[in-house]
Amino acid sequence: MEKAKDRIARVIIGKDFEIELLFTALLADGHVLLESVPGSGKTKLAKSFAKVIHGAFNRIQFTPDVLPSDVTGIQYYNPKTQEFQLRSGPVMTNILLVDEINRATPKTQSSLLEVMEEKQTTVDGDTLHITPPFCVLATQNPVEGSQGTFPLPEAQLDRFLFKIDMGYPELEEEKRILQTYRQHDPLQELEAVLSLEEVLHLKKSVQNITVSEAAVDYLLAIIHETRKNEDVELGVSTRGALALMRASQAQALLHDRNFVTPQDIKKLAPYVIEHRLVLSIEGTFRKTKKQVLEEIMNEVQVPVEEGGVR
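All residue numbers here refer to positions counted from 1 along the written sequence of the relevant chain. Reporting of local features is limited, given that this is a predicted model, to residues whose pLDDT is at least 70; pairs of side-chain atoms are given and counted only at 80 or more, and all residues count toward the totals for whole chains, interfaces and linings. Heavy atoms from the whole structure form the basis of all side-chain values; hydrogens and water molecules are not counted.

Attention now moves to the side chain of D158. Each helix corresponds to a stretch of at least 4 residues labelled H or I by DSSP, and each strand to a stretch of at least 2 residues labelled E; elements are numbered beginning at the N terminus. Within the fold, D158 resides in the loop between α7 (154-157) and β9 (162-165). The contact criterion used throughout is that any non-hydrogen atoms of two residues lie within 4.5 Å. Beyond its immediate sequence surroundings of up to four residues, D158 is in contact with S237, R239, G240 and R276.

Below is the structure:
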């Protein structure tokens with residue numbers, strides 16, 4: 001896995017932690033929402049990710065006129081055979097890049113709910129199962145100031161394990177990008193270093209990572225604080241709690257540990273929780289989601305590590 005992360009880091013420079021989060025999401029059977037301004041490398045990151053695990057890759061460019069059938073597939077009449085035939089949509093893949101997800105209508109956005117949760121899609125009554133592994137990487141530009149966007153509803157946001165802000169590179173990192181891409185595109189030279197079978201084996205191994213009672217109590221304390229905070233109207237759901245636990249297990253595996261530490265939970269909590277919070281009307285005037293989450297994390301005491309189980 002380290003080799004795979006290193007290969008992608010040669011293409012996406014200065015985003016080592018974001019790359020690690022993608023692999024964490026893949027092993028945790030989750031999906032990722034990438035948010036940043038145009039031109040920050042979101043699409044190239046998704047392509048590199050698919051290529052390095054030798055996975056099938058499809059891309060959907062969301063616009064207001066994209067229909068749900070453009071995503072899931074259609075039944076069409078073949079005049080030669082005089083029968084209806086099924087044409088599967090781009091969701092039948094391993095890595096699905098949904099570009100500018102917030103530019104599609106809510107109806108089209110909702111066409112992803114079934115496939116993200118159940119790894120299957122239904123076309124005119126026929127259920128199509130997706131061969132694992134499967135991961136949706138959706139990109140969106142910040143809603144503020146963007147014309148023609150449809151904010152994702154809470155039910156859709158809850159399906160994403162992580163929300164990652166790519167952000168601008170630092171000066172030295174951007175200088176390295178210009179030097180690297182001056183003569184060639186390293187994506188063209190990127191080779192697979194993992195097979196899908198290896199990915200599936202690692203995903204199965206995540207289930208064997210120990211989560212101590214102290215770690216569970218710490219995780220749940222954070223989740224319940226999101227529901228009690230006066231600035232929060234809608235806290236994190238049980239699905240969100242499970243997502244944080246799975247992500248922490250995957251993070252431990254990536255770092256060659258067979259147990260979850262409180263630091264795993266603390267490190268991943270902002271990426272799992274922030275996009276799931278719905279602030280009250282009064283809360284939105286006082287604070288941002290990030291500020292509310294920082295307060296919650298500071299209020300919950302991190303358990304002391306003891307012995308081999310932490």
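Let us now look at unusual backbone geometry. With an omega dihedral of 0°, the bond running from P132 to P133 counts as a cis peptide bond. As for its position among the elements, P133 is in the loop between β7 (126-129) and β8 (135-140). Unlike most non-glycine residues, K119 shows phi in positive territory, near 55°. Position of K119 relative to the elements: it lies in the loop between α6 (113-118) and β6 (120-123). Its identity is not glycine, yet D124 carries a phi of approximately 50°, on the positive side. Look at D124 and you get exposed, because its relative accessible area is 61%. Burial classification: accessible surface area is computed with a 1.4 Å probe over protein chains only, and a residue below 20% of its type maximum counts as buried, one above 50% as exposed, and the rest as partly exposed.

Strands are treated as partners if at least two bridges between them are detected by DSSP. Read from one edge of the open sheet, 5 strands run β2-β5-β8-β1-β9, paired in parallel fashion. Whereas interior strands pair on both sides, the edge strands pair on one side only; in this sheet they are β2 (57-61) and β9. Recorded for the sheet is a direction-independent mean angle of 20° between the axes of neighbouring strands. Relative to β9, strand β1 (residues 32-35) runs parallel, the two sharing 4 bridges. Considered in β9, the bridge of V32 is made with F162. Sitting on the sheet, helix α2 (residues 16-27) is in contact with β1, β8 and β9, with an inclination near 165° to β9. Interaxial angles span 0 to 180 degrees and are taken between N-to-C directions of axes, which are lines fitted to C-alpha atoms, for helices over the stretch in contact.

This part covers the layout of surface pockets. Site definitions follow a grid-based scheme: protein atoms alone, a 1 Å grid, a 1.4 Å probe that fits but cannot get out for cavities, and for pockets an open set with protein on both sides within 12 Å along at least five of seven lines, plus lining residues having an atom within 4 Å of a point. Grid points are joined across faces, edges and corners, and a volume is the space filled by probe spheres set on the points. Of the volumes computed, that of the largest pocket is approximately 920 Å³. Lining the largest pocket we find 26 residues, and of these E35, K163, E274, H275 and K289 sit closest to its centre. Counting residues per element, the ones that place at least two in the lining of the largest pocket are α7, β9, α12 (262-273), β11 (278-279) and α14 (289-299). Just so you know the grouping, Ala, Val, Leu, Ile, Met, Phe, Trp, Tyr, Cys and Pro go in nonpolar, Asp, Glu, Lys and Arg go in charged, and all remaining residues, Gly too, go in polar. Residues that form the lining of the largest pocket fall into these classes: 13 nonpolar, 4 polar and 9 charged. In this model, the second largest pocket occupies a volume close to 390 Å³. In terms of lining residues, the second largest pocket is bounded by 20 residues, among which G39, S40, G41, K42 and K44 are the most central. Listing elements by their share of the lining of the second largest pocket, those giving two or more residues are α3 (42-52) and α8 (171-181). Partitioning the lining of the second largest pocket into residue classes produces 8 nonpolar, 6 polar and 6 charged.

Quick look at the packing of aromatic side chains now. Aromatic rings from Phe, Tyr and Trp, taking only the six-membered ring of Trp, are treated as a pair when their centres fall within 6.5 Å; an angle between ring planes under 30 degrees marks them as stacked, one over 60 as edge-to-face, and anything in between as tilted. Under the criterion given, the structure shown has 2 aromatic pairs. A ring has a charge above it when a Lys NZ or an Arg CZ is no more than 6 Å from the ring centre and no more than 35 degrees off the ring normal. Sitting over the face of the ring of Y76, R87 holds its NZ or CZ atom 4.3 Å from the ring centroid. Here the guanidinium or amino end of R257 rests over the ring plane of F259, the centre of that ring lying 5.8 Å away.

The subject of this paragraph is the side chain of T108. Examined against the element boundaries, T108 turns out to sit in helix α5 (residues 106-110). Accessibility expressed as a relative area gives 1% for T108, which makes it buried. Other than its neighbours up to four places away in sequence, T108 contacts F62, V66, L67, P68 and V71.

Buried residues of α3: K42, L45, A46, S48, F49, A50 and V52, and no others. Immediately beyond the C-terminal end of α3, within one or two residues, lies H54, with a positive phi of roughly 60°.

Bringing the pattern of salt bridges into the picture now. A side chain with one charge can pair with a side chain of the opposite charge if their charged atoms come near. Here, a salt bridge means any Lys or Arg side-chain nitrogen found within 4 Å of an Asp or Glu carboxyl oxygen. The final tally for this structure, using the stated rule, is 19 salt bridges. The closest approach of N and O atoms between K5 and E20, which form a salt bridge, is 3.6 Å. Of this pair, K5 sits in helix α1 (residues 2-9) while E20 sits in helix α2, placing them 15 residues apart in sequence. Given a relative accessible area of 9%, K5 falls into the buried group. The partner of R286 in a salt bridge is D231, and the shortest N-O contact between them spans 2.4 Å. With R286 in helix α13 (residues 281-286) and D231 in the loop between α10 (213-228) and β10 (232-234), this residue pair connects regions lying 55 residues apart in the sequence. Relative accessible area serves as the criterion here: at 47%, R286 is assigned to the partly exposed category.

With 5 of its 5 residues buried, strand β5 (residues 95-99) lies for the most part within the structure. Going residue by residue along β5, you find I95, L97 and D99 tucked away on one face and L96 and V98 tucked away on the opposite face as well. Relative to β5, β2 runs parallel, the two being bridged by 5 bridges. When the bridges of β5 are listed, F57 appears paired with I95. As paired strands, β5 and β8 are joined by 4 bridges and run parallel to one another. Paired with L96 across the strands is V136, a residue of β8.

Worth remembering: the numbers are spatial, not functional.
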